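# Chain and residue survey
As a plain string of letters, each chain reads:
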Amino acid sequence: MLLLRRTAQAGKHGRSFSASQTLLSERKGLVLGVFEKEGEEGGLHLTEAAARFDQTLSGKLSELLKISGPTLKQGKSRIFYGIHKDFPCVAVVGLGKTTAGVCGSENWDTSKENVRQAMSAGCQLLQDLEVKHVEVDGCGDAQSAAEGAGLGLFQYDQLKSKKKNKVTTQLHGSADSADWQKGVTYAEGQNLARMLMEAPANHITPTAFANTIEEKLAPHAERVTIHKRSQAWIEQQQMGAFLSVSRGSEEPPVFLELHYNGSPDSKQAPLLLVGKGITFDSGGISLKPSPSMDAMRADMGGAATVCASIVTAAALKLPVNIIGLAPLCENMPSGKATKPGDVVVAKNGKTIQVDNTDAEGRLVLADALCYGHTFNPRAIVNVATLTGAIDVALGSAATGVFTNSDWLWEQLQKASVMTGDRVWRMPLFQHYTRQVTDCQLADLNNVGKYSRSGGACTAAAFLREFVTAPHWAHLDIAGVMSNKDEVPYLRKGMSGRPTRTLVEFAAGLVHKG
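A brief look at the structure comes next.

Calculation criteria
- Throughout this document, residue positions are counted from 1 along each chain, in the order its sequence is written.
- Thresholds applied to this predicted model are a pLDDT of at least 70 for local features of residues and 80 or more for the giving and counting of side-chain atom pairs; totals over whole chains, interfaces and linings are not thresholded and use all residues.
- For the side-chain quantities, the full set of heavy atoms in the structure was used; hydrogens and water were omitted.
- Pairing between two strands requires that DSSP report at least two bridges joining them.
- To qualify as a helix, a DSSP run of H or I must reach at least 4 residues; to qualify as a strand, a run of E must reach at least 2; elements of each kind are numbered from the N terminus.
- Definitions used for this entry: grid spacing 1 Å over protein atoms alone; cavity, a set of points where a 1.4 Å probe fits but cannot get out; pocket, an open set with protein on both sides within 12 Å along at least 5 of 7 lines; lining residue, one with an atom within 4 Å of a point.
- Grid points are joined across faces, edges and corners, and a volume is the space filled by probe spheres set on the points.
- Only Asp, Glu, Lys and Arg are considered charged, only Ala, Val, Leu, Ile, Met, Phe, Trp, Tyr, Cys and Pro nonpolar, and every remaining residue, Gly among them, polar.
- For helices, the fitted line uses only the C-alpha atoms of the stretch in contact; every axis is such a line through C-alpha atoms, and the angle between N-to-C directions lies from 0 to 180 degrees.
- Any angle from 65 to 115 degrees is called roughly perpendicular, while one under 35 is roughly parallel, one over 145 is roughly antiparallel, and all others are oblique.
- Working rule for handedness: look at the near helix, and if it is turned counterclockwise from the far one by less than a right angle, call the crossing left-handed; if clockwise, right-handed.
- The criterion used for residue contact is that any of the two residues' heavy atoms lie within 4.5 Å.
- Side-chain atoms within 4.5 Å link the members of a nonpolar core, which is a set of buried Ala, Val, Leu, Ile, Met, Phe, Trp, Tyr and Cys residues.
- Exposure categories follow from relative accessible area, calculated using a 1.4 Å probe and restricted to protein chains: below 20% of the type maximum is buried, above 50% is exposed, and the middle band is partly exposed.
- Geometry of aromatic contacts follows a simple scheme: Phe, Tyr and Trp rings, the Trp one being its six-membered ring, pair when their centres are within 6.5 Å, and the pair is stacked under 30 degrees between planes, edge-to-face over 60, tilted otherwise.
- Whether a charge lies above a ring is judged from NZ of Lys or CZ of Arg, which has to be within 6 Å of the ring centre and within 35 degrees of the ring normal.

### Remarks on the sheet that holds strand E14 (residues 342–345)
The mixed open sheet is built from 3 strands, whose spatial order is E14-E15-E19. At either end of the open sheet lies a strand with only one pairing partner, and these are E14 and strand E19 (444–445). In terms of strand pairing, strand E15 (residues 351–354) meets E19 through 2 bridges, oriented parallel. Within the sheet, the bridge partner assigned to Gln353 lies in E19 and is Asn445.

Structure below.
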């Protein structure tokens, strides 16, 4: 804090604060963590990196922490200026108690979440001071530190004339560099999904989405095969449910098919990921209310997270084979659009009475799931911003998981504990199946016949009609699509959840049968 006072005094002698700020921005900042010491009120326990840094200052950092205010609680921060010649700004952030760990009731690892939150907060503080390069304390968990830093610094400002200060980060010290790089890659994957979801719909059309993913996968061409299927191919495949959604838009649909061959010599069947790709959802003829309709640019969040997870798996060179499918289109009203009451035919021959054109996600997924079975996958996971009902049920706390496989649920749950992006198992009762199969004109109805109650469960029951695989899970991510302040290390905006969980899940399958 002394430097701040000196800067103010220097202004009297002709040196402005902005000049000092420019000097800061040309040098590095540092983010360090500190734990609350157990059983000692007001006590602090420095991380290994913070302790080494304190030693170079002959204990000055510890002294400043004692005299500069109350004990740093979890997530709280303090900035010191001018205490080290290489780091004009040093942010110290509270990591909570050293005893924090996996919490069974919360289904996450509290210590990892504390590290992510702390490093995110510290990096954002230094970003606001226009520091250009920040070294980050690994806090004993370099991967989580890198994730927190990378996720916290992301902001979609590509279309603004005044952009946020760009900050580069690196691990403070050389230990755990491999874990740090892994965390950087995980964060970049989620940030790719956030970028796709946040971008306006006139910029991310179905074609633009597919081109963006193709560009991101270009560095991994030796392991990846990409098919951007046209409307003619979709028609040839008799995907009538998918086409019933796309027909109202002037933008042509694209069926994006990705093959990541991380283990080309393996005889193991591939993992199949399917993502709903509605690049803008007006509701079609069953038009949505206008308030907040702009958020429906992110209704392709399932496709965004699925494709981003495959880009991440390729960057990590995971030794596993993954197939990703993303039926991409807009849902728009027009004279050509599907009307309530119309009957369409899905790829598997089942007829569907479309009573609500705003229940379109399950239609595009139905055909994609039918097609996906042709690859005989070891497991199928589909991801979709499918229902507002899941938001009512779970809010932003967790992704709702509907699955016919205890084994698959265990793998997804285990992955979510590692990433801090919670999942919660939801019921697949026969009661909901009757809601969609008791239909007047067709085999199925795309909405529940008797009641709007249990809407997320009814949507899952509809999808189950297109699944024969023994290991299938449907992830309804509508509740976690955006972030206000629920996840402390994400800024307000589209969240990109659960990209990291999908990557961790895929990585966990490497040694599984």
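Back to the write-up after that little detour.
### Side note on empty space enclosed by the protein
Tallying each qualifying case throughout the model produces 1 cavity of 30 Å³ or more. Looking at the largest cavity, its volume works out to about 70 Å³. In terms of lining residues, the largest cavity is bounded by Ser244, Val245, Gly284, Ile285, Asn331, Met332, Ala337, Thr338, Val354, Thr357, Glu360 and Leu363. When the residues that make up the lining of the largest cavity are grouped by side-chain class, the tally is 6 nonpolar, 5 polar and 1 charged.

### Let's talk about the packing of helix H12 (residues 361–372) against helix H16 (residues 455–464)
Across the interface, H12 lies against H16 with an axial gap of 9 Å and an inter-helix angle of 30°. When the axis of H12 is compared with that of H16, the two are roughly parallel. For the crossing formed where H12 meets H16, the hand is right-handed. For the pair formed by H12 and H16, the contact residues are Arg362, Leu363, Leu365, Ala366 and Leu369 on the first element and Ala459, Phe462 and Leu463 on the second. When the residues that make up the contact of H12 with H16 are grouped by side-chain class, the tally is 7 nonpolar, no polar and 1 charged.

### Concerning the nonpolar core
With 62 residues, the main nonpolar core has Leu196, Phe209, Leu256, Ile322, Val381 and Leu475 as its most contacted residues. The leading source of residues in this core is helix H11 (residues 301–316), at 9 residues. One finds Ile278, Tyr432, Leu463 and Phe466 within the second-largest nonpolar core, a separate group that totals 48 residues.

### Regarding the layout of surface pockets
Taken as a whole, the largest pocket spans an internal volume of roughly 960 Å³. Lining the largest pocket are 32 residues, with Lys288, Leu386, Thr387, Gly388 and Ala389 positioned closest to its centre. Among the elements of the structure, H12, helix H13 (388–394) and H16 are those that each provide at least two residues to the lining of the largest pocket. Split by residue class, the lining of the largest pocket holds 8 nonpolar, 13 polar and 11 charged.

### Points about the packing of aromatic side chains
With the rule as written, the count across this model stands at 8 aromatic pairs. Taking the centre distance of 5.3 Å and the plane angle of 40° together, the rings of Trp233 and Phe255 count as tilted. With Trp233 in helix H9 (residues 231–236) and Phe255 in strand E10 (residues 254–261), this pair connects stretches of sequence that are 22 residues apart. Each member of the pair, Trp233 together with Phe255, is buried. Of note, Lys350 hangs over the ring of Phe466, and the distance from its end group to the ring centre comes to 5.8 Å. The ring of Trp108 carries Arg422 above its face, with NZ or CZ at 4.0 Å from the centroid.

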